[in-house]
Amino acid sequence: LVNLAGEMIAFDSRSLRMGASESDLLDTIDGLLNKMIALAPAAVAGVGIGSIGPILADQGLILSPHFSALEGLNIPEHIQKKYGLPVSLQIGAVAAAYGEERIAKQQHRSANSVAFVVLDYAGIGLGLISGGVGWISDHGGIGELGHVSIDLNGRQCDCGRRGCLQQYASGRAMLRALGHPEDRDQGATLARIAQNAEEGDEAAQAALLDAGEYLGHGLADVDHLLRPERIVLGSSHPKLADWYLRGAYRYIDRLPEARGGRTLRD
């Protein structure tokens, strides 16, 4: 819950398991909205949804292959009918980039362009915003950083190419390195690995740092290709981005200093 100045008033988080039903999903959303509305010091002006993709924003549809409950479900329409509030639907990484831009402005920091890298089980997404405007692609506005190839002769990817970054740095790749079988609750497993690393599990720490080091290679490509003023890492799994960032710095710190003194640590 934020005010019109972009300041956070309240925050809450709920978890959904893979395979959750449509009613579970809507009940969770309603629970969050009811709590936020109750905490609002004034009338709520609108609701923003940052979603996994692809999305059809103009139709209010989310087309994720990982959540069957979303098929044909129009969440913005549900909220508009039940709460009488306008709703904006964006890909999560783009929504997060907007948020980072507004936070920076509130803190009087420059953020003319923001690249938000989102870490997930299946892949690595990239949301872009420049001059206050998001880059909206044909499937809702997220770039597939995970399908940037870092090794022409590398690991086979589901997309048909070899050496894609997500084969080395996605949550799935990291769990494979730890010998975890694929199951229906990969998100919970990923969150648990990050928690284990926080508690000193050396194998979990090594896998996260290795995945982060590969990600650092991808972040350098983002920097060279797009030259954003700010690159931000985020994930829906607590502490995951923190560990990836530590690994990314292991790669970044080996890079020679660019002309003009610009570095990815600035």
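Each remark here, short or long, concerns the structure printed above.
Scope of this entry: the structure provided in the associated data block. All values derive from a computational prediction rather than experimental measurement.

Turning next to the overall build of the protein. When helices and strands are counted, the protein shows eight helices and eight strands. Computed over the C-alpha atoms, the radius of gyration of the protein is 19 Å, within 12% of the 18 Å expected from 2.2 N^0.38 for a compact globule of 266 residues. The dimensions of the protein, computed from C-alpha atoms along their principal axes, are 55 × 45 × 40 Å. Across the 266 residues that make up the protein, the buried fraction comes to 39%.

Quick look at the packing of helix α1 (residues 22-39) against helix α2 (residues 75-83) now. Viewed as axis vectors pointing N to C, α1 and α2 meet at an angle of 45°, and their least axial separation amounts to 12 Å. It follows that α1 is oblique to α2 by the angle criterion. Considering how the two elements wind past one another, α1 and α2 form a crossing that is right-handed. Where α1 abuts α2, its residues Leu 25, Leu 26, Ile 29, Asp 30, Leu 33, Asn 34 and Ile 37 lie against Ile 75, His 78, Ile 79, Lys 82 and Tyr 83. Taken together, the residues of the contact of α1 with α2 sort by class into eight nonpolar, two polar and two charged.

What follows concerns the packing of aromatic side chains. Counted under the stated rule, the structure contains one aromatic pair. Geometrically, the ring pair formed by Tyr 168 and Tyr 214 is tilted, given 4.9 Å between the ring centres and 40° between the ring planes. One end of the pair, Tyr 168, is in helix α4 (residues 166-169); the other, Tyr 214, is in helix α7 (residues 202-226), and 46 residues separate them in sequence. Just above the ring of Trp 243 sits the side chain of Arg 246; from NZ or CZ to the centre is 3.9 Å.

What follows covers a nonpolar patch on the surface. There is a patch of nonpolar side chains on the surface, built from Val 2, Met 8 and Phe 11 and spanning about 380 Å² of accessible area. As for its placement among the helices and strands, Met 8 is situated in the segment before α1.

Moving on, we get to the nonpolar core. Ranked by internal contacts, the top residues of the largest apolar core, which has 30 residues, are Met 174, Leu 215 and Tyr 244. Among the elements of the structure, β5 (113-119), β6 (124-130), α5 (171-177), α6 (186-198), α7 and α8 (240-252) are those that each provide at least two residues to this core. Setting aside its immediate chain neighbours within four residues, Leu 215 contacts Val 117, Leu 119, Ile 124, Leu 165, Ala 169, Leu 233 and Tyr 244.

Non-glycine residue Arg 227 carries a positive phi angle of around 50°. Locating Arg 227 in the fold gives a position in the loop between α7 and β8 (230-235). At Lys 239, a position not held by glycine, the phi torsion is positive, near 75°.

Our focus in this paragraph is the sheet that holds β5. Spatial ordering of the open sheet is given by β7-β6-β5-β8, a layout of four strands whose pairing is mixed. Where the open sheet ends on each side, the last strands, each with one partner, are β7 (133-134) and β8. Across two bridges, β6 lies against β7 in antiparallel orientation. Note on β7: the bridge partner recorded for Ile 129 is Gly 134. Of the strands in this sheet, β5, β6 and β8 touch α7, which is tilted by about 145° from β8. Running over the sheet, α8 touches β5 and β8 and is turned about 130° from β8.

Let us look at the pairing of β5. Judged by how many residues are buried, β5 sits mostly within the fold: six of seven residues are covered. Pairing between β5 and β6: seven bridges, direction antiparallel. If you follow Ser 113 over to β6, its bridge partner there is Ser 130. Turn length for the β5-β6 hairpin, with the two strands adjacent in sequence and antiparallel, is four residues.

Quick notes on the rules
Residues numbered from 1 in each chain as written. Predicted model: local features only at pLDDT ≥ 70, side-chain atom pairs only at ≥ 80, totals over all residues. Heavy atoms only, no water. Helix = DSSP H or I, 4+ residues; strand = E, 2+ residues; numbered from the N terminus. Rg over C-alpha atoms; globule rule 2.2 N^0.38 Å. Buried < 20%, exposed > 50% of the residue type's maximum accessible area, 1.4 Å probe, protein only. Axes fitted to C-alpha atoms, helices over the stretch in contact; angles between N-to-C directions. Parallel < 35°, antiparallel > 145°, perpendicular 65-115°, else oblique. Left-handed = near helix turned anticlockwise from the far one by under 90°. Contact = heavy atoms within 4.5 Å. Nonpolar A, V, L, I, M, F, W, Y, C, P; charged D, E, K, R; others polar. Phe/Tyr/Trp six-rings, centres within 6.5 Å; stacked < 30°, edge-to-face > 60°. Lys NZ or Arg CZ within 6 Å of the ring centre and 35° of its normal. Patch = residues over 30% accessible without salt bridge, like charges linked within 9 Å, V, L, I, M, F, W, Y side chains within 5 Å. Areas by Shrake-Rupley, 256 points an atom, 1.4 Å probe, with all protein chains shown as cover. Salt bridge = Lys/Arg side-chain N within 4 Å of Asp/Glu carboxyl O. Core = buried A, V, L, I, M, F, W, Y, C linked by side-chain atoms within 4.5 Å. Pairing = 2+ DSSP bridges.

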